[in-house]
Amino acid sequence: MENLNLVLPEIFISLSIMFLLVLGVFKKNSSKITFNLSFFTILITAIITINETFSVSRETLFNESVVIDSMSSLMKIITLIGGFLVLVISSSYLKTFKIYNIEYPVLILSSILGMMVMISSNDLIVFYMGLELQSLALYVLATYNRDQLKSSEAGLKYFVLSALSSGLLLYGCSLVYGFSGSTNFDIISNQLNSDEYVLTFGIVFILVGLAFKISAVPFHMWAPDVYEGSPTTVTLFFTIVPKIAALTVFIRFLYVPFLNLIDQWQMIIIFLSIASMVFGAVAAIGQTNIKRLIAYSSIGHIGYTLAGLATASNEGIQSSIIYISIYVVMNLALFSCLLMLRRKDQYYEDIEDLSGLSKNHPLLSLCLLVVLFSLAGIPPLAGFFAKFYVFKAVLEQSMFFLAIVGLLSTVVAAFYYLRIIKIMYFDKEKDKYDTDHSLWLKFSLTVSTILILLYFIFPSQLIEVVSRINII
Amino acid sequence: MNFPILSSLILLPIVGALFLFFTKDKEGNNLTAKYVALFTTIVNFLISIYLWISFDQSTSSFQFVEDRTWIEGFINYKVGVDGISILFIILTTFITPLCIISVNNSVKNRLRDFLIAILIMESFMIGVFCALDLVVFYLFFEAGLIPMFLIIGIWGGARRVYSAFKFFLYTLLGSVLMLVAIISIYWITGTTDVVQLYEIGIDVKYQNLLWLAFFSSFAVKTPMWPVHTWLPDAHVEAPTAGSVLLAAILLKMAGYGFIRFSLGLFPIASEVFTPLIYTLSVIAIIFTSLIALMQEDMKKLIAYSSVAHMGFVTLGIFTLQQQGIEGSIIQMISHGLVSAALFLTVGVVYDRMHSRLISTYGGLVSVIPKYSILFMLFALASLGLPGTSGFIGEFLILMGAFKDNFLVAVIASIGVILGAAYMLWLYKRVVFGKLLNEDLKKILDLNRSEYFILSCLAAPILFFGFYPDPLINTIEVSVSDLINMHNTNIASK
């Protein structure tokens, strides 16, 4: 008999989704209660995850197709916290656009469920199931503001391109299955040997599909358009939560089934990493829309995360996970600021709208200043440490080229972050924005800014948590 | 060592800044904020004086050391001072209160934010000079960019945005390579603790590349020719207090870094690259002096003269002679005082006339005599007249240089003459001559606070000019031990 306690979080969240759907259908005006219940659902799921799985070092379930280990539980917790914060700060934005409906929390919950399945997957089929569940929910979320042309366009674009990448991924999976005779990661890892050249195609197809999901260059084309068109809260969701899941799967694929084929994929990852860092930095310079700019900046940050993965060492994996966790906090703060740019029920998302913000809203702009310097990787803010750990791992493997290109592209990237700061602090002020923000929005901005600002006092805690993750 | 005196020096300005952040800001009346900032910095100055008094001059080992685990098994928060760094700390704590007194007129809007930026800047700068761990050093070194970027960008002159960006990106570009080097040192030796690194040393085959990486950062920050171009822009556009901080203290970080890290950690490579430093320093001295001659903007002229003076400093450091390094340190301290004073004197007339062009002025001596006397003192100190602190520094540097390389010393001496030329010519055009500009007739002489600040700067310039022993005694043992260590390293390899 399997120990079902280990998958209790997934079971609980799927039952809750069904319950919420039923509730939404049968009860009139139920959006508020669905929202509140979904908060609790995520919180309870997170608590269950911590209780049931956090101390487990490694267990497999269902014919070894699901794995629970320290990485999966940590990543699930980060996913859940990210999802929770996105949900709680969404309400006022959705109300403004009159799309405060029950579908929103249900869709977010289902995509989180899909991600949790992905994170725990130890089998090609389980992995693909989770991936499709989260993707389908995300397609709908992208078009959620369906009265707006841009939102519909974003959803359609995302759907078409994502379906294409899923197709590639599936084809890669089938090639790998053909060569190894199994869908289980552990068995694949034992069966594969690097002499088969067609196998390389399989790996490349899988990596392309995954690179698409985390929007690494050159498979990033969808990101700016989708990020710009989707409702801002959904963009926030896109920039943080699916990336965590996709990164976990990335790590899992590279270091479990394909570990022996490291020569085949290491160059690909290095290329993806360098291309993303450089392109993300250069392309963001010309942007005028903040959401598009964030899209390019997130491409750049994914590049740094991949740099950690390219090292093929435990330190590298750990540094990538630290990077993505700090990145989640920074993005949360950034979007909280963005969601505060509201004047008379209209949200502003051009960089020019930030002009002179520091005179009218000194606190808000101070937070944004901290976040932007942190994103640029200036010490002593958290973003610096994220990069520091990654490059420490990269240099341990003597990959000097990767490190130097990465650090030089931080200088280029610093330029566009500075440009925003310049507009906020050096330019003439415009009209004031509304200040009656919801408590949760203020809460998330304050907490994330303080975390970024004071991370340097206690840097060891995060490392301690992450250092339990030993994949290789 | 019970009381963490260095940490309190670093933290106190930040506490003051936090306090300021929570004070109410009434429009037009910022006196409270100013007093709070002034109080904080003066207390900090007193602490640093206490530090100097209780400092043991007879040893070169680090004192007041604090060592705390910061990132388990990787980085320790380690600070301490020796004879080389203590003077820079005192310079920092001495200049900052003067900056704060001087902001009376130059900063009109958002005075409170300005003071916060200055206080944060001060604590980062003190941190740079006491850090005994490479990562901690890098952290402070880079973090200083944030407040300085804001100081130039928010309160600067007309082209402030361009200058702020140039300053930030130039220095960041220089520094990232140093970060690569620091992490590499960690992987080569297993530690980033400077004291331990002094003991174990770094393998010769890595030294050259690592030296170059550190050099790329320090050369930009010094600034050395040909990467000095950010400096005139930043200086000219920054508000007076910002220029003072930049010239007096920020530039010294790199000179300090050269002594502490380039010489201390990479002795072999320092020997190898001495010709490079000599060439760049000599070019800086001659070339930027000539450029300074042609400037029409007073602030720009002083900025170029800073580049030339820092050329002397780098020259002195890499003579690897006792006199040369001592001279460099004294030259840095002296330049800190003199350039601060010169920027403040320019600030005084700029506040009244709103022009930095030399051609606006002329004949000032007949309307504002007090000002003219002090200006003369500073100009003479800048060109290194005996009896001022500038002389001691330049003299020792040239002495060291003559010991090591005759040709370089001769060319550098020509730079001294050029230095006299541009400073005296500047003084002549501004202060002497006929009073042609009608507006100048209504100009007021120094008010009380300006008089106070400039006298505060003039006193140590004269004092150390006649009696440099306190400075030399403080640094002597540390420098001679540094050179001994260097020589044994060279001999053993």
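(A) A look at the overall build of chain B. Along chain B, the regular secondary structure elements total 19 helices and 2 strands. Relative to the globule expectation of 23 Å for 493 residues, the C-alpha radius of gyration of chain B, 22 Å, shows essentially globular dimensions. The C-alpha extent of chain B, read off along each of the three principal axes, is 70 × 55 × 40 Å. Here chain B holds 493 residues, and the buried ones make up 58% of them. A sequence separation of at least 24 residues applies to 79% of the contacts in chain B between residues at least 6 apart.

(B) Spatial organisation of the overall build of chain A. On a plain count of helices and strands, chain A comes out with 19 helices and 4 strands. Projected onto its principal axes, the C-alpha positions of chain A cover 65 × 60 × 40 Å. Across the 472 residues that make up chain A, the buried fraction comes to 57%. Long-range contacts, defined here as pairs at least 24 residues apart, represent 78% of the contacts in chain A between residues at least 6 apart.

(C) The arrangement of the packing of helix α12 (residues 290-309) of chain A against helix α16 (residues 382-396) of chain A in detail. All names here are of chain A. Between α12 and α16, the shortest axis-to-axis distance is 8 Å and the interhelical angle comes to 35 degrees. Taken as a pair, α12 and α16 cross one another with a handedness that is left-handed. Packed against α12, whose contacting residues are Tyr304, Ala307 and Gly308, the element α16 presents Lys387, Val390, Ala393 and Val394 at the interface.

(D) Structural detail: the interface of chain A and chain B. Residue-level contacts link 23 residues of chain A with 24 residues of chain B. Looking at the side of chain A that touches chain B, the elements that each hand over two or more residues are α16, α17 (400-426) and α19 (460-466) of chain A. Tallying contributions element by element places α17(A) first for the side of chain A that touches chain B, with 12 residues. In the side of chain A that touches chain B, the residues fall into 18 nonpolar, 2 polar and 3 charged.

(E) Up close: the packing of α16(A) against helix α7 (residues 160-189) of chain B. Remark: α16(A) packs on α7(B), axes separated minimally by 9 Å, with the N-to-C direction vectors making an angle of 55 degrees. With respect to their mutual orientation, α16(A) and α7(B) come out oblique. Two packed elements cross with a definite hand, and for α16(A) against α7(B) that hand is right-handed. Of the residues in α7(B), those in contact with Phe391(A), Lys392(A), Leu395(A) and Glu396(A) of α16(A) are Val180(B), Ile183(B), Ser184(B) and Trp187(B). Split by residue class, the contact of α16(A) with α7(B) holds 5 nonpolar, 1 polar and 2 charged.

(F) Examining helix α9 (residues 222-229) of chain A more closely. Residue and element names in this part refer to chain A. The buried fraction of α9 is high, at 7 of 8 residues. The complete set of buried residues in α9 reads Trp222, Ala223, Pro224, Val226, Tyr227, Glu228 and Gly229. In this structure, the buried side of α9 is in contact with α5 (124-142), α6 (149-180), α10 (232-255) and α12.

(G) Here's a closer look at helix α13 (residues 298-317) of chain B. Spanning 20 residues, α13(B) covers 29 Å between terminal C-alpha atoms, matching the ideal 28 Å at 1.5 Å per step. Counting buried residues along α13(B), 20 of its 20 residues qualify, which places the element largely inside the surrounding structure.

(H) Structural view of the pairing of strand β1 (residues 58-61) of chain A. Residue and element names in this part refer to chain A. With 4 bridges joining them, β1 and strand β2 (residues 66-69) adopt antiparallel strand pairing. Looking across to β2, one finds that Leu61 is bridged to Val66. Counted along the chain from β1 to the antiparallel partner β2, the turn is 4 residues long, and its residue Phe62 has a positive phi close to 50 degrees.

(I) Quick peek at the environment of Ile42(A). Residues and elements named next belong to chain A. Mapped onto the fold, Ile42 is located in helix α2 (residues 31-53). Residue classification places Ile42 among the buried residues on the basis of 26 C-beta atoms within 10 Å. For the pair Ile42 and Glu196, spaced 154 residues apart in sequence, the C-alpha to C-alpha distance is 44 Å. Non-local contacts of Ile42, meaning those with residues more than four positions away in its chain, are made with Leu80, Gly83, Phe84 and Leu87.

(J) Representation of unusual backbone geometry. All names here are of chain B. In this chain, Thr222 is followed by Pro223 through a cis amide linkage whose omega measures -10 degrees. Along the chain, Pro223 turns up in the loop between α9 (204-221) and α10 (230-237). Cis geometry marks the peptide bond from Trp225 to Pro226, where omega comes out at 5 degrees. Assignment of secondary structure puts Pro226 in the loop between α9 and α10.

(K) Region of interest: the confidence of the model for chain B. All names here are of chain B. The predicted model of chain B averages 86 in pLDDT, with 97% of residues at 70 or higher. Mean pLDDT values for the elements of chain B range from 83 in strand β1 (residues 63-71) up to 91 in helix α5 (residues 134-143). Of the two predicted TM-score estimates for the complex, the pTM is 0.91 and the ipTM is 0.89.

Reading the values: rules and limits
Residues numbered from 1 in each chain as written. Chains lettered and ligands numbered in written order. Predicted model: local features only at pLDDT ≥ 70, side-chain atom pairs only at ≥ 80, totals over all residues. Helix = DSSP H or I, 4+ residues; strand = E, 2+ residues; numbered from the N terminus. Rg over C-alpha atoms; globule rule 2.2 N^0.38 Å. Buried ≥ 20, exposed ≤ 12 C-beta atoms within 10 Å, placed from the backbone. Contact = placed C-beta atoms within 7 Å. Axes fitted to C-alpha atoms, helices over the stretch in contact; angles between N-to-C directions. Left-handed = near helix turned anticlockwise from the far one by under 90°. Nonpolar A, V, L, I, M, F, W, Y, C, P; charged D, E, K, R; others polar. Parallel < 35°, antiparallel > 145°, perpendicular 65-115°, else oblique. Expected span 1.5 Å × (residues − 1). Pairing = 2+ DSSP bridges. pLDDT = per-residue confidence, 0-100.

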